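What follows is each chain in one-letter form.
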Amino acid sequence: MMGMRKILLSLFVIGTLVGYSLSAIARPTIEELQARDFLDDYESNIVYGYNIVMETERYAARYVGNKLRCTNCHLNGGTTPDAFPLNVAGLYPQWRSKNGVRNGIVLRIRECFLYSHNGVLPPDHAPEVLAVAAYINYLSEGEVIGERPPGGGVPTIPDTGFDPNPARGEVVYKRACVVCHGADGAGTSVAPPLWGPDSYNAGAGMNRIDKSAGFIWANMPLGQGHSLSHQEALDVAAFVKLQLRPFDPREGRLAKLAERIWHRITSLFGKEQP
Amino acid sequence: MSLRGYARALLTESRPDFSWTRTVNARREMLSGLTGAALVIPQAITFAYLVGLPPEYGLYCAVFVGFFASLLGNTPMVGGPNTAMSILLALTIMPFAGRGSPLYIDYVLLLSVVVGLIQLLIWLLRGAELFRYFSPAAISGIKMGVGLLLITSAVEGTLGLAPLTTQFFYEKFYIVIASWSDIVNPYAATVSGITIVSGLLMRKRFPRTYIITAVLIGGITGALLVGVLGLVRTDIELLGRIPFELLPLRVPTVSAEYLLVMQEVFPSAVAIAVLGLAQSLVIAQDLKGHVKTQVSLGREVFAQGVANLAGPFVSSFAGSGSFNRTSVAVSMGAMTPLSGLIAAIAVAAIAWSLGPLLTYLPMPAVAGVLALVGIGMIQVGEARRFLRSSIDGPVFVITILTVAFLGLKAGLAIAVLLSLGFFIAGVSKVALVMVDQDGVERIQVTGNLFYASLDALAHHLGEHPGANTLLDLTRVPYCDSSALAMIEAIKRERLEHGGRLEVVTAD
C-alpha cells in the first residue's frame, strides 16, 4: 500500500512540474487572450498593442496622421518573416544611424508613429507606445537576446547589375500593383495608400529603395511573394519613391513650405528664358 | 423626519425642477455658457492628463457630467472634471494598472460608477446636512493644497520630462534643479514659460479669459517652433488627434477581479465621493445669495450622484462642481442651470468640429494651463483672512500642510476632523455672566449645557456652597440630563450648607 501511495505522490509531483513548465513555455495566442474575461496589466497591454497594430487608425488615433496600419508593412500583425516581423525586442537597445543615438524599443516605436504613420511624435510614456512595446515583447518571447531572428526585416536584393529604373517601374506598377493600390497610389479597400497625403512620409524606412524593394520582392503582390524578379522589385520601388508624399518631419514643415514657395517663385523651370 | 416627509423630500429632489425656465434671461445664459465652454476645454484636456486618460475623456466628462449635473440641479453651478478628484482618481488606480492602459481606463470608469453610487447613498441618508459643518477654512485649505499639487504636477509637462515618481513634492524640484541641464527640454520650457508668463500678466486685467488667451499664445509659439525647427529637433510633445465621438457609449466592465480591486479602493472611493460633494455643496451654498430659485443641497447631491453614476456609461470619469468655472459663469450673469447646459453642448460642438485644429496644440502649453489653474487656486487675500483668525488660521494651515505632504486623502480626513473638532469646541463653549444683585448672585448662562460644557459652571457653583444664587438659564437652548443632574446635586448641597440655588428657565 505504501508503495502505491508513493508512486501516486511522485506522479502527482511530476505532473505538476511538467504542467507548470509547459504553461511557462506555452504562449497564449492573441485569440486566447481576447477570450479571457480578465487580463492583467501586461496581458491587457498585449491585446491593446495587437489592436493598435491591426487597426492603428482606431486604437492609436491620437498619434496617427495617415491611413496606414502597422500591419500593412508588418504583415499579419508582425508575425510574417521577411515582412518586418515584430519579434525583435531582443535586438534593442541598439545604435541606429538614422538618429545617431542608442535606440530603445520605445524610441523605435515612437519613430514609427512619426515617420511611417506621418503623425505626431508620442511621448515616451504614451500608453499606445507602451502597449505596442508589450505586444512586441510578447511576440519576442523565446527569441535569443541580441540575435536577429531568422526572417527578420526584409531580404536584401542582390546586385542585379542595373540601376533601379522608375520608368520601367511604372510599367510593372500598372501591370501588377494598380488593381489593389489604385492608379493614383491612394489605395483601395483592400490595399493601403502608397503615396499621397495618406501614406508614409519621406522620412520613413519604406521610402528607402533597398527596404521597399526587399519588401516588394518577398511579399508583393500580396499572397504571391517572389513572383516579381529582383530587377522588377527595384524598378517599382524606385517608381513609388519618386511620387509625392508628406515631408520628412525632421525638417520643420513651415520652413520646408516656405522653402518650396521660395523655389517656386525663383525657379526658372518652365519659364521662357529671356 | 417622518417616513412620509422623507419620501416626499426624495421625490421632490429627484424630479428635475424646470421652474427657472419662467424667469430665464436666455441671452445672458447663452453668453455665459459659451464662455464656459471655451474655458473648460483646456482644463478638460489638462484634467484628463492628470487622471492619466486620453484627452477625449476629459472632454466627455465636461460634456456629460456637466450636462447631467445641470439638468438635475437648479443652480448655475458648472459641473465637469475637477482638479482634486482627478488627482485622487489617478492616485487610487495607479497601483493596479499602468497609466492609460486599457485596464486602467476600465478601472477608472468603474471607480467613477462606485463614486456615483456612494454619492447617491449619501443622498438617501440625507447626508447633505453634514457638509454644512465643513469649515470654510478647511475647504479653502484643501483648495490651496490642491493648487500646490497642481503646480507640482505641472513640473514634468512644462519642462518636457517623463513623469517623475517622488514621495514628496519638493523632491521633484530638487531633481529638476540638480540635473536641469541634462533633462530639461529648452523648447518645451520656452513654450510653457511663455504660456505661464502671459497668463500671469493678463490675469488682473482679463480675469475671465486669461487662460484661453494664454493657451493660444503658448500654442502659437509651440506651433511656430515645431514648424520651423521640426518635431524631431524640438521634441515638443503635441496633443495629437482627439477622436471625439458625440455619443461614446460604453458599458463599464464588471467581473470578479474588477470587483476585488473596487473593494480594495473603496475607502478612496468614499474619499473621492465626499470630496466631490464637499466642493459642489460649498459652491451651492455660495450661490444661495446669487440666484432667485431655491437652492436645495439635497437636490445638488442627487444631481452629482446621478451625473457620476451615468457618466461612465458615456466614457466620463467622476467630476463635480467647479469653483473657477462657476465663478466665471456667475460673474457673466448666469442665474440658472441653462448656462451649464449650453456650456456642455457647446463643448461637444467645439470639440467635434475643431478637434483637428487641436492636434498641434503643444502639451507644454497645456501643462502651463495646469500651473496657471494651480496658481489661480492659491488666493492670497483669502489666506490672509483665515490667518487672521485664531481658529480658522490653524485649521487652514494644518489642512494645507497635510495635503502637501501627506496627500489629498489625508488632507480631507484632517479637514473633516478639524472642522468637527472646532464645531464641537464652538458648541461646548458656555459664557457665564455674574452680577451681584442685593447679596444674591445672578449667573446668566449662554450656550449649550451638556456633559462636555459643564465643568466651568459646576466648578463655580461648587466653590461657595453657602451662597445664594439665581441661575438664569433663559439663554440655554439645550440642556441634557447630566446638566440637570448636576444642578439637582448642587441644589441639595446648597440646602445642606444653608445656601440656595434658584433656577430661571425660558418657560
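It should be emphasised that the depicted structure is a prediction, and the values quoted were computed from it without experimental measurement.

A closer look at the overall build of chain B
And step 1. For chain B, the count of helices and strands is 23 helices and 6 strands.
And step 2. Counting all 507 residues of chain B, 47% fall into the buried class.
And step 3. In chain B, of all internal contacts separated by at least 6 residues, the share reaching a separation of at least 24 is 82%.

Re the overall build of chain A
And step 1. Along the backbone of chain A there are 12 helices and 2 strands.
And step 2. Of the regular secondary structure in chain A, the N- to C-terminal order runs α-α-α-α-α-α-β-β-α-α-α-α-α-α.
And step 3. A globule of 274 residues ought to have a C-alpha radius of gyration of about 19 Å, yet chain A, at 24 Å, is considerably larger.
And step 4. The C-alpha extent of chain A, read off along each of the three principal axes, is 110 × 40 × 35 Å.

Describing the packing of helix 10 (residues 186-203) of chain B against helix 18 (residues 363-377) of chain B
Residues and elements named next belong to chain B.
And step 1. Contact geometry of helix 10 with helix 18 gives a least axis separation of 8 Å together with a crossing angle of 40°. Comparing the axis directions of helix 10 and helix 18 gives the class oblique. Our pair here, helix 10 against helix 18, has a crossing hand that is right-handed. Judged by residue contacts, A188, V191, S192, T195, I196 and G199 of helix 10 engage P364, A365, A367, G368, V369, A371 and L372 from helix 18.

Notes on the sheet that holds strand 4 (residues 440-446) of chain B
Residue and element names in this part refer to chain B.
And step 1. Read from one edge to the other, the open sheet built from 4 strands follows the order 3-4-5-6, with strand pairing classed as mixed. Each end of this open sheet is capped by a strand with a single partner; those strands are strand 3 (431-437) and strand 6 (500-504). Pairs of neighbouring strands in the sheet enclose a mean axial angle of 20°, with direction left out of account.
And step 2. As judged from the 7 bridges shared by strand 3 and strand 4, these two strands associate in the antiparallel manner. Opposite V435, over in strand 4, you have R442 as the bridge partner.

Observations regarding the environment of I142 of chain B
Residues and elements named next belong to chain B.
And step 1. As for its position among the elements, I142 is in helix 6 (residues 136-153).
And step 2. When the C-alpha atoms of I142 and G157 are compared, they prove to be 23 Å apart, with 15 residues separating the residues in sequence.
And step 3. Not counting the four nearest positions on each side in its chain, I142 is found in contact with A84, T399, V403, G411, L412 and A415.

Remarks on the pairing of strand 5 (residues 468-475) of chain B
All names here are of chain B.
And step 1. Relative to strand 5, strand 4 runs parallel, the two sharing 5 bridges. For E441, the partnering residue across the bridge sits in strand 5 and is T469.
And step 2. Running through helix 22 (residues 455-463), the crossover from strand 4 to the neighbouring parallel element strand 5 is right-handed.
And step 3. In this structure, strand 5 lies alongside strand 6, joined through 5 bridges in parallel fashion. Within the sheet, the bridge partner assigned to L471 lies in strand 6 and is V503.
And step 4. What joins strand 5 to strand 6 is helix 23 (residues 481-497), and the crossover it makes is right-handed.

Some words on the nonpolar core
And step 1. If you look at the biggest cluster of nonpolar residues, it comprises 199 residues, and the most contacted ones within it are Y135 of chain A together with L89, V108, L111, I272, V347 and V366 of chain B.
And step 2. Tallying contributions element by element places helix 5 (residues 102-124) of chain B first for this core, with 14 residues.
And step 3. In this structure, L449, L457, L461 and A483 of chain B belong to the second largest nonpolar core, which totals 9 residues.

A closer look at unusual backbone geometry
All names here are of chain A.
And step 1. Backbone torsion omega between Y92 and P93 reads 0°, so that peptide bond is classified as cis.
And step 2. Position of P93 among the secondary structure elements: in the loop between helix 6 (75-78) and strand 1 (94-96).
And step 3. In the segment running from M220 into P221, the intervening peptide bond is cis, with an omega of -15°.
And step 4. As for its placement among the helices and strands, P221 is situated in the loop between helix 10 (209-219) and helix 11 (230-241).
And step 5. Positive phi, close to 45°, is recorded for F84, a residue that is not glycine.
And step 6. Residue placement: F84 occurs in the loop between helix 6 and strand 1.
And step 7. Looking at F84, the number of C-beta atoms within 10 Å reads 22, which means it is buried.
And step 8. With phi around 65°, H226 is a residue other than glycine that occupies positive phi space.
And step 9. Here H226 falls in the partly exposed class, since 13 other C-beta atoms lie within 10 Å of it.

Considering the domain arrangement of chain A
All names here are of chain A.
And step 1. Segmenting chain A into domains produces domain 1 (30-139) and domain 2 (159-274).
And step 2. On a C-alpha basis, the centroid separation for the pair domain 1 and domain 2 is 24 Å.
And step 3. Counting residues at the interface gives 12 residues for domain 1 and 15 residues for domain 2.

What about the interface of chain B and chain A?
And step 1. Every contact between the two is made by 27 residues of chain B and, on the other side, 26 residues of chain A.
And step 2. Residue assignment for the side of chain B that touches chain A shows that the elements contributing at least two residues are helix 5, helix 11 (210-229) and helix 12 (231-234) of chain B.
And step 3. Looking at the side of chain B that touches chain A, the element that brings in the most residues is helix 11 of chain B, giving 4 residues.
And step 4. Considering only residue class, the side of chain B that touches chain A consists of 14 nonpolar, 8 polar and 5 charged.

Comments concerning the domain arrangement of chain B
And step 1. Domain annotation for chain B reports domain 1 (3-15 + 24-355 + 365-423) and domain 2 (431-504).
And step 2. Centre-to-centre, using C-alpha coordinates, domain 1 of chain B lies 53 Å away from domain 2 of chain B.

A look at the packing of helix 2 (residues 26-51) of chain B against helix 18 of chain B
All names here are of chain B.
And step 1. Two elements in contact, helix 2 and helix 18, have axes whose closest approach is 9 Å; the angle formed by their N-to-C orientations is 95°. Between helix 2 and helix 18, the interaxial angle falls into the category roughly perpendicular. The residues of helix 18 that touch helix 2, namely those facing P42, Q43, I45, T46 and Y49, are V366, V369, L370 and V373.
And step 2. Grouping the amino acids of the contact of helix 2 with helix 18 by side-chain chemistry returns 7 nonpolar, 2 polar and no charged.

Some points on helix 16 (residues 323-331) of chain B
And step 1. The complete set of buried residues in helix 16 of chain B reads F323, R325, T326, V328, A329 and V330 of chain B.
And step 2. Two residues or fewer after helix 16 of chain B comes G333 of chain B, characterised by a positive phi angle close to 100°.

Cut-offs applied
- Residues numbered from 1 in each chain as written.
- Chains lettered and ligands numbered in written order.
- Predicted model: local features only at pLDDT ≥ 70, side-chain atom pairs only at ≥ 80, totals over all residues.
- Helix = DSSP H or I, 4+ residues; strand = E, 2+ residues; numbered from the N terminus.
- Buried ≥ 20, exposed ≤ 12 C-beta atoms within 10 Å, placed from the backbone.
- Contact = placed C-beta atoms within 7 Å.
- Rg over C-alpha atoms; globule rule 2.2 N^0.38 Å.
- Axes fitted to C-alpha atoms, helices over the stretch in contact; angles between N-to-C directions.
- Parallel < 35°, antiparallel > 145°, perpendicular 65-115°, else oblique.
- Left-handed = near helix turned anticlockwise from the far one by under 90°.
- Pairing = 2+ DSSP bridges.
- Right-handed = clockwise from strand over helix to strand, strands pointing away.
- Core = buried A, V, L, I, M, F, W, Y, C linked by C-beta atoms within 7 Å.
- Domains from an automatic or database assignment.
- Nonpolar A, V, L, I, M, F, W, Y, C, P; charged D, E, K, R; others polar.

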